[in-house]
Number of protein chains: 2
Amino acid sequence: MTETRKLLMDAAEANIRQKGYNAVSFRELADDLGIKSASVHYHFRKKEDLGLALITRYSERFFQTLAQNTFEAATAREKLTGFCETYRQALVSSDSICLCGMLGAESCGLPEAMTTKVAGFFTANIAWLENAFPSHWPSADKQSRAGQVVATLQGAMMLATSTGNPLWFRQTATHLIEDVMGP
Amino acid sequence: MTETRKLLMDAAEANIRQKGYNAVSFRELADDLGIKSASVHYHFRKKEDLGLALITRYSERFFQTLAQNTFEAATAREKLTGFCETYRQALVSSDSICLCGMLGAESCGLPEAMTTKVAGFFTANIAWLENAFPSHWPSADKQSRAGQVVATLQGAMMLATSTGNPLWFRQTATHLIEDVMGP
DNA sequence: GTCTATAAGATGATAGAC
DNA sequence: GTCTATCATCTTATAGAC
């Protein structure tokens, strides 16, 4: 992958995660890199192409980091802690919410292909958690608990950034782990 | 309040809650009502004025509905259930997320006055919950649990709408009440 | 790969007629 | 209150030169 393409995606991801998909323009991204908007169109023919590439890269990165964070996790509790930690890193490293959390909120106003990909990110999150939970749990419980975890962490990122208080995330994640796994 | 002004706010709220603040234009709202965009500017001089009016009205409505839903609530559990039910109604009646959840996600890209008002909605939510929880709880617990509740419900709305599956909200809310209040 | 130039349309906003 | 007319600006996107 080209260096410029990478820098464009970095700038786009950062901006979208802070302001939303519709608040980011090719001109703005071009200015960030010191090039012209026509050059951005060389790397991404349409804005939707950029959006799709961002979701793909974000998702791959997320599951890579998740794998690293749970490499030594033996118990379900350790796996869930690693999952929460992966979300926390995404929040802290960029001081902004999850890319798919933002796009999920804007879902109805996005190109359909993007909507589908974002939903795929969430179902993959849920599937990972279902697999991480103790195998003796009823599968209905594993599913509903997985949804609860994703929902809680996504909401906690939003609450933490919009109020400017990262404590809301940390406290919520701590409660969540205890609530789901027991004391 | 004028009828047109009310209809404009209805259209704006519905559209923003589905697509986000930056995806909604005065022209679009005007078309919805069969008037011209210049007429929209008569009712709301700037877009920001419309945004602020929407947050105010949404917040007032929310706390009115919340009061109705918890009018007969005697226990903390019943109050929390009424709180979750108020969120559920907002989701089901419009098939879209909370206005402040959307604006909270887009927070960094909004006029500062809007950002402040949105944060105020969340802190008011949290304050209501802190007051609803059993008085014998340590205040740090009341605060962190209140944040957890708001974060969870906001995230659950986003997850439910973006995946098109309202079950994620219902299951999550059910777990949440049990987790916070005990079995 | 990046540029200039350009198109076609959207957007927030205003002035002034009715 | 609503309209027409208009504005400057922004947006996505393309064609073709370098």
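These numbers were taken from a predicted model, which means no experiment stands behind them.

**Student:** I'd like a description of the overall build of chain A, backed by residues and values.
**Tutor:** Helix and strand content of chain A: 9 helices and 0 strands. In terms of overall size, chain A behaves like a compact globule, its C-alpha atoms giving a radius of gyration of 17 Å where 183 residues would be expected to give roughly 16 Å. Taking the principal axes of its C-alpha atoms as reference, chain A extends roughly 55 × 30 × 30 Å. Out of the 183 residues belonging to chain A, those deemed buried represent 52%. In chain A, 66% of the contacts between residues at least 6 apart in sequence involve partners at least 24 apart.

**Student:** I'd like a description of the interface of chain A and chain B, backed by residues and values.
**Tutor:** At the junction of the two partners, chain A supplies 37 residues and chain B supplies 37 residues. With both sides pooled, the region where chain A packs onto chain B buries about 3,300 Å², and carbon together with sulfur makes up 66% of that total. Broken down residue by residue, the surface that chain A buries against chain B is led by A:Met158, A:Trp168 and A:His175, which jointly contribute 16%. Salt-bridge contacts for B:Asp179 lead to A:Arg145; the nearest nitrogen and oxygen are separated by 2.8 Å.

**Student:** With reference to specific residues and values, describe the pattern of salt bridges.
**Tutor:** Residues and elements named next belong to chain A. Across all of its chains, the model carries 20 salt bridges over all chains by this definition. Among the ionic pairs, Asp-10 bridges to Arg-61, the shortest N-O distance being 4.0 Å. Linking Asp-10 in helix H1 (residues 3–19) with Arg-61 in helix H4 (residues 47–69), this pair joins segments that are 51 residues apart in sequence. Here Arg-61 falls in the partly exposed class, since its relative accessible area comes to 39%. Sharing partners across several salt bridges, the network here consists of Lys-6, Asp-10, Glu-13, Arg-17, Arg-57 and Arg-61.

**Student:** Mind laying out the side chain of B:His175, listing which residues take part and the relevant values?
**Tutor:** In this structure, B:His175 sits in helix H9 (residues 167–181). Under the relative-accessibility criterion, B:His175 is labelled buried at 17%. Non-local contacts of B:His175, meaning those with residues more than four positions away in its chain, are made with A:Ser144, A:Arg145 and A:Gln148.

**Student:** Go over helix H8 (residues 139–163) of chain B, please, and point to the residues and values.
**Tutor:** Residue and element names in this part refer to chain B. Look at H8: 36 Å from first C-alpha to last across 25 residues, which is about the 36 Å you get at 1.5 Å a residue. Burial runs high along H8: 19 of the 25 residues are buried. Positive phi shows up at Gly-164, right after H8, with a value of about 70°.

**Student:** Describe the protein's contact with DNA strand C, naming the residues involved and giving the relevant values.
**Tutor:** In the neighbourhood of DNA strand C, 18 residues make up the surrounding shell, with A:Lys36, A:Ser39, A:His43, B:His41 and B:Lys47 lying closest. The contact in question runs from a phosphate oxygen of DNA strand C to an N or O atom on the side chain of A:Ser39, over 2.8 Å. Contact distances for DNA strand C include 3.2 Å between a base nitrogen and a side-chain N or O atom of B:His41. Of all the elements in the fold, those that place two or more residues in the surface near DNA strand C are helix H3 (37–43) of chain A together with helix H2 (26–33) and helix H3 (37–43) of chain B. By residue number, the principal contributor to the surface near DNA strand C is H3(A), which donates 4 residues. Class assignment of the residues belonging to the surface near DNA strand C gives a composition of 6 nonpolar, 7 polar and 5 charged.

**Student:** Explain the protein's contact with DNA strand D to me, using residue names and the numbers behind them.
**Tutor:** Not every one of the 18 residues close to DNA strand D is listed here, only the nearest: A:Arg27, A:Arg45, A:Lys47, B:Lys36 and B:His43. Each atom of DNA strand D within 4 Å of the protein belongs either to a base or to sugar and phosphate, the latter forming 63%. One of the side-chain nitrogen or oxygen atoms of A:Ser25 is found 3.1 Å away from a phosphate oxygen of DNA strand D. A:Phe26 has a polar backbone atom sitting 3.1 Å from a phosphate oxygen of DNA strand D. Mapped by element, the contributors of at least two residues to the surface near DNA strand D are helix H2 (26–33) and H3 of chain A together with H3 of chain B. Broken down by class, the residue content of the surface near DNA strand D amounts to 6 nonpolar, 7 polar and 5 charged.

**Student:** Give me the lowdown on the layout of surface pockets, citing residues and values where you can.
**Tutor:** Residues and elements named next belong to chain B. The volume enclosed by the largest pocket comes to roughly 300 Å³. If you trace the largest pocket, you find 15 residues lining it, with Glu-13, Arg-17, Tyr-58, Ala-90 and Ser-93 closest to the centre. Listing elements by their share of the lining of the largest pocket, those giving two or more residues are helix H1 (3–19), helix H4 (47–69) and helix H5 (76–94). A breakdown of the residues in the lining of the largest pocket according to their chemical character gives 4 nonpolar, 7 polar and 4 charged.

Rules used throughout
Residues numbered from 1 in each chain as written. Chains lettered and ligands numbered in written order. Predicted model: local features only at pLDDT ≥ 70, side-chain atom pairs only at ≥ 80, totals over all residues. Heavy atoms only, no water. Helix = DSSP H or I, 4+ residues; strand = E, 2+ residues; numbered from the N terminus. Rg over C-alpha atoms; globule rule 2.2 N^0.38 Å. Buried < 20%, exposed > 50% of the residue type's maximum accessible area, 1.4 Å probe, protein only. Contact = heavy atoms within 4.5 Å. Buried area = accessible area lost by both parts, 1.4 Å probe. Salt bridge = Lys/Arg side-chain N within 4 Å of Asp/Glu carboxyl O. Expected span 1.5 Å × (residues − 1). Near = heavy atom within 4 Å. Polar contact = N/O pair within 3.5 Å; in protein donor to acceptor, adjacent residues only side chain to side chain. Nonpolar A, V, L, I, M, F, W, Y, C, P; charged D, E, K, R; others polar. 1 Å grid on protein atoms, 1.4 Å probe; cavity = no way out; pocket = protein on both sides within 12 Å on 5 of 7 lines; lining within 4 Å. Points joined across faces, edges and corners; volume = space filled by probe spheres on them.

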